[in-house]
Amino acid sequence: MEKCLYVSDLDGTLLRSDETISEYTCNVINKLTENGGLFSYATARSYITAKKVTKGLDAKIPLIVYNGAFVIDNVSEEILISNYFHNEIKEVLTELFTNDIYPIVYSYIDTVEYFSFLTDKCNDGMWAFLNTRRGDKRWREVQSTEELIQGNMFYITCIDAEERLKPFFEKYKEKYHVVFQQDIYTKEQWLEIMPLEASKANAILQLKELLKCSKVVSFGDGINDIDMFNISDEAYAVSNAVDELKQAATAEIGSNNEDGVAKWLES
């Protein structure tokens, strides 16, 4: 019997525009997993914020977070797969600093996860994001670039003007896994840099092997879902997805605000 792994993006796909998941969607997916179905999500969010916005969703298999930098067991919270930067990432950061770009840096310091930022270098776009994370236990304000690059780094988020960030996207898109797109909530331009090995596609393939699945069906809305679609047997773009993703999709389904993923699963 064919064993299928269903994987959905969160923001703009499984989540509605107000960053919540509907009771209907929770019920459909919980029923699927209760009956032995395998459902996971792959998101740019951290495990902490993903769990908050998917409250009520009872998927007990590993979850893909930080765009594939980590695969985390949803029950034990153990990190099953991890991807960290090598030391040369400090050269990239030094170049960003030289161009007056000071990113939010995600790292583990003495086994504790943090996102660090230079308080006096944050622009309005950065604060728009950071203000949604107030009270988060990973919050770490620093006063120097030396502090900013401490620990085992795995994710870098730059929020700035498109024309300032685009040269870095062009320069590093082959060396690292780089996502260059507007945030769907604030419409600010983001440049996200991850280790080359960190991608939704790689994490899904590892999870597929771990769970001994023969087929992958995925759902998404953004540019960072293209690699996931490319390795899926079937891939469905919600109607609010970007055109580039729709072109890579098997078919188009209902929007995130219409419970498109859940309705497809139920049908």
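Quick summary incoming for the structure in this document.

## Considerations on the sheet that holds strand 14 (residues 251-253)
Reasoning step 1: With respect to topology, five strands assemble into an open sheet ordered 2-1-12-13-14, the strand pairing being parallel. Edge positions in the open sheet fall to strand 2 (38-41) and strand 14, since each of these has one partner strand only. Each neighbouring strand pair of the sheet contributes to a mean axis angle of 25 degrees, computed without reference to strand direction.
Reasoning step 2: When strand 13 (residues 234-238) meets strand 14, the two strands line up parallel, connected through three bridges. Across the sheet, Val238 pairs through a bridge with Ile253, a residue of strand 14.
Reasoning step 3: Helix-sheet contacts for helix 8 (residues 200-210) involve strand 1 (4-8), strand 2 and strand 12 (215-220), and the interaxial angle to strand 1 is about 150 degrees.

## Comments concerning helix 8
Reasoning step 1: Taken as a whole, helix 8 has its buried residues at Lys200, Ala201, Ala203, Ile204, Leu207 and Lys208. Burial along helix 8 is one-sided: seen end-on, the buried residues are contained in an arc of 165 degrees. In helix 8, those exposed residues whose orientation departs by more than 90 degrees from the buried face are Glu209 and Leu210.
Reasoning step 2: Here the buried face of helix 8 lies against strand 1, strand 2, strand 3 (63-65), strand 4 (70-72), strand 12 and helix 9 (226-230).
Reasoning step 3: Positive phi shows up at Lys212, right after helix 8, with a value of about 55 degrees.

## Brief notes about the pairing of strand 5 (residues 79-82)
Reasoning step 1: Summarising the sheet, strand 4 and strand 5 pair through three bridges and their orientation is antiparallel. Paired with Ile72 across the strands is Ile79, a residue of strand 5.
Reasoning step 2: Turn length for the strand 4-strand 5 hairpin, with the two strands adjacent in sequence and antiparallel, is six residues, and the turn residue Glu77 shows positive phi of about 65 degrees.

## Some remarks on the pairing of strand 11 (residues 189-194)
Reasoning step 1: Among the six residues of strand 11, six are classified as buried, and the element is accordingly described as predominantly covered.
Reasoning step 2: Because side chains alternate across strand 11, one face comprises the buried residues Gln189, Leu191 and Ile193, and the other comprises Trp190, Glu192 and Met194, equally buried.
Reasoning step 3: Where strand 9 (residues 152-159) and strand 11 come together, four bridges link them in antiparallel fashion. Along strand 11, the bridge assignment pairs Ile156 with Ile193.

## Structural notes on the pattern of salt bridges
Reasoning step 1: Enumeration over the complete set of coordinates arrives at 12 salt bridges.
Reasoning step 2: In this structure, Lys171 and Glu95 form a salt bridge, with 3.0 Å as the shortest nitrogen-oxygen distance. Of this pair, Lys171 sits in helix 7 (residues 162-172) while Glu95 sits in helix 4 (residues 89-98), placing them 76 residues apart in sequence.
Reasoning step 3: We classify Glu95 as partly exposed; its relative accessible area is 24%.
Reasoning step 4: Measuring nitrogen to oxygen at the nearest pair gives 3.9 Å for the salt bridge that ties Glu252 to Lys246.
Reasoning step 5: On the basis of relative accessible area, Lys246 is assigned to the partly exposed category, the value being 26%.
Reasoning step 6: Through salt bridges with shared partners, a single network forms among Asp9, Lys200 and Asp225.

## Here we look at the packing of aromatic side chains
Reasoning step 1: Under the defined criterion, the tally for this structure stands at 26 aromatic pairs.
Reasoning step 2: An angle of 70 degrees between the planes, with centres 5.9 Å apart, marks the rings of Phe85 and Tyr176 as edge-to-face. Of this pair, Phe85 sits in the loop between strand 5 and helix 4 while Tyr176 sits in the loop between helix 7 and strand 10 (177-182), and the two are 91 residues apart along the sequence.
Reasoning step 3: Taking relative accessible area as the criterion, Phe85 reaches 11% and is therefore assigned buried.

## Regarding the sheet that holds strand 7 (residues 112-118)
Reasoning step 1: What the six strands build is an open sheet, ordered 8-7-6-9-11-10; its pairing is mixed. At either margin of the open sheet sits one strand with a lone partner, and together these are strand 8 (139-142) and strand 10. Within the sheet, the average angular offset between the axes of one strand and its neighbour, ignoring direction, is 25 degrees.
Reasoning step 2: Pairing of strand 7 with strand 8 involves four bridges; the strand directions are parallel. Bridging from a neighbouring strand, Ser116 pairs with Arg140 of strand 8.

Rules and cut-offs
Residues numbered from 1 in each chain as written. Predicted model: local features only at pLDDT ≥ 70, side-chain atom pairs only at ≥ 80, totals over all residues. Heavy atoms only, no water. Pairing = 2+ DSSP bridges. Helix = DSSP H or I, 4+ residues; strand = E, 2+ residues; numbered from the N terminus. Axes fitted to C-alpha atoms, helices over the stretch in contact; angles between N-to-C directions. Contact = heavy atoms within 4.5 Å. Buried < 20%, exposed > 50% of the residue type's maximum accessible area, 1.4 Å probe, protein only. Arc of directions from axis to C-beta. Salt bridge = Lys/Arg side-chain N within 4 Å of Asp/Glu carboxyl O. Phe/Tyr/Trp six-rings, centres within 6.5 Å; stacked < 30°, edge-to-face > 60°.

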